[in-house]
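The primary structure of each chain is shown beneath.
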Amino acid sequence: QVQVVESGGGLVQPGGSLRLSCEASAASEIVFSSYTVGWSRQVPGKQRELVASITSAGNTYYEDSVKGRFTIFRDNAKKTVYVQMNSLKSEDAAVYYCYVNAINGINYWGKGTTVTISA
């Protein structure tokens, strides 16, 4: 059972930046490095959407609206995945959830961290 813990959410001004972190309870660096990991977000009452993901090989995916502004990266030694969010917009406000796609094919989700955009 993989435990996933997000952190780094908070309030930021439009145009500002924020970095979210997600630490996974993988047994080792090697195990964690085998996972596809990523971030989704959800506005209350709306469907959760995938924002960004990164595979074991380092291949990345970004939702169109965040391309050029968000960067997902991972530190396997720390068993952590990050998303650097720049040029934040009001529509980026959401609860951000980290997930880990483990080698068994199961997605494990964190509890979420809230990003609020306010002038």
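Up top is the structure.
Thresholds, definitions, all that
- Residues numbered from 1 in each chain as written.
- Predicted model: local features only at pLDDT ≥ 70, side-chain atom pairs only at ≥ 80, totals over all residues.
- Heavy atoms only, no water.
- Pairing = 2+ DSSP bridges.
- Helix = DSSP H or I, 4+ residues; strand = E, 2+ residues; numbered from the N terminus.
- Axes fitted to C-alpha atoms, helices over the stretch in contact; angles between N-to-C directions.
- Disulfide = S-S within 2.5 Å.
- Buried < 20%, exposed > 50% of the residue type's maximum accessible area, 1.4 Å probe, protein only.
- Polar contact = N/O pair within 3.5 Å; in protein donor to acceptor, adjacent residues only side chain to side chain.
- Phe/Tyr/Trp six-rings, centres within 6.5 Å; stacked < 30°, edge-to-face > 60°.
- Lys NZ or Arg CZ within 6 Å of the ring centre and 35° of its normal.

**Student:** Where do I start with the sheet that holds strand β7 (residues 70-75) in this structure?
**Tutor:** By way of backbone hydrogen bonds, the strands of a sheet pair with one another, either parallel or antiparallel. In space, the four strands of this open sheet follow the order β1-β3-β8-β7, with antiparallel pairing throughout. For this open sheet the edge positions go to β1 (4-7) and β7, each flanked by a neighbour on one side alone. Sheet twist, expressed as the mean angle between neighbouring strand axes with direction ignored, is 15°. In this structure, β7 lies alongside strand β8 (residues 80-85), joined through six bridges in antiparallel fashion. In the sheet register, aspartate 75 faces β8, and the bridge partner there is threonine 80.

**Student:** Got a minute to help me understand the state of the cysteines in this structure?
**Tutor:** Per the stated rule, a full pass over the model turns up one disulfide. Two residues share a disulfide in this structure: cysteine 22 and cysteine 98, whose sulfurs sit 1.9 Å from each other. In this structure, the disulfide formed by cysteine 22 and cysteine 98 twists by about -80° around the S-S bond and is classed as left-handed. In this pair, cysteine 22 sits in strand β3 (residues 18-24) while cysteine 98 sits in strand β9 (residues 94-101), placing the two residues 76 residues apart along the sequence. Both residues of the pair, cysteine 22 and cysteine 98, belong to the buried class.

**Student:** Just checking my understanding: could you explain the environment of leucine 88 for this structure?
**Tutor:** As for its placement among the helices and strands, leucine 88 is situated in the loop between β8 and β9. On the basis of relative accessibility, which here comes to 2%, the residue leucine 88 falls in the buried class. Spatially, the C-alpha atoms of leucine 88 and valine 12 are 8.0 Å apart, while their sequence positions differ by 76 residues.

**Student:** I keep staring at the side chain of aspartate 92 and nothing clicks. Help me out?
**Tutor:** Mapping aspartate 92 onto the fold places it in the loop between β8 and β9. For aspartate 92, a relative accessible area of 0% corresponds to the buried category. In terms of polar contacts, aspartate 92 uses its side chain to reach the side chain of arginine 41, at 2.9 Å. Within polar-contact distance, the side chain of aspartate 92 engages the side chain of arginine 69 at 2.7 Å.

**Student:** Is there a simple way to think about the packing of aromatic side chains in this case?
**Tutor:** The description of an aromatic ring pair rests on the distance of the ring centres and on the angle between the ring planes. Following the criterion strictly, the structure yields three aromatic pairs and no others. For the pair phenylalanine 32 and tyrosine 35, a centre-to-centre distance of 6.1 Å together with 75° between the ring planes defines the contact as edge-to-face. Taking the centre distance of 5.1 Å and the plane angle of 40° together, the rings of tyrosine 99 and tryptophan 109 count as tilted. You can see tyrosine 99 sitting in strand β9 and its partner tryptophan 109 sitting in strand β10 (residues 107-109), a full 10 residues away along the chain. Positioned over the ring face of tyrosine 97 is arginine 48, at 3.7 Å from the centre of the ring. Here the guanidinium or amino end of arginine 48 rests over the ring plane of tryptophan 109, the centre of that ring lying 4.8 Å away.

**Student:** What should I look at first to understand unusual backbone geometry in this one?
**Tutor:** Leave glycine aside and you will find that most residues have negative phi; peptide bonds, for their part, are mostly trans. The residue lysine 79 is not glycine, and still its phi comes out positive at about 50°. In this structure, lysine 79 sits in the loop between β7 and β8. Even without a glycine there, the phi angle at serine 87 is positive, about 50°. Of note, serine 87 is situated in the loop between β8 and β9.

Treat this as a map of the structure, not an account of what it does.
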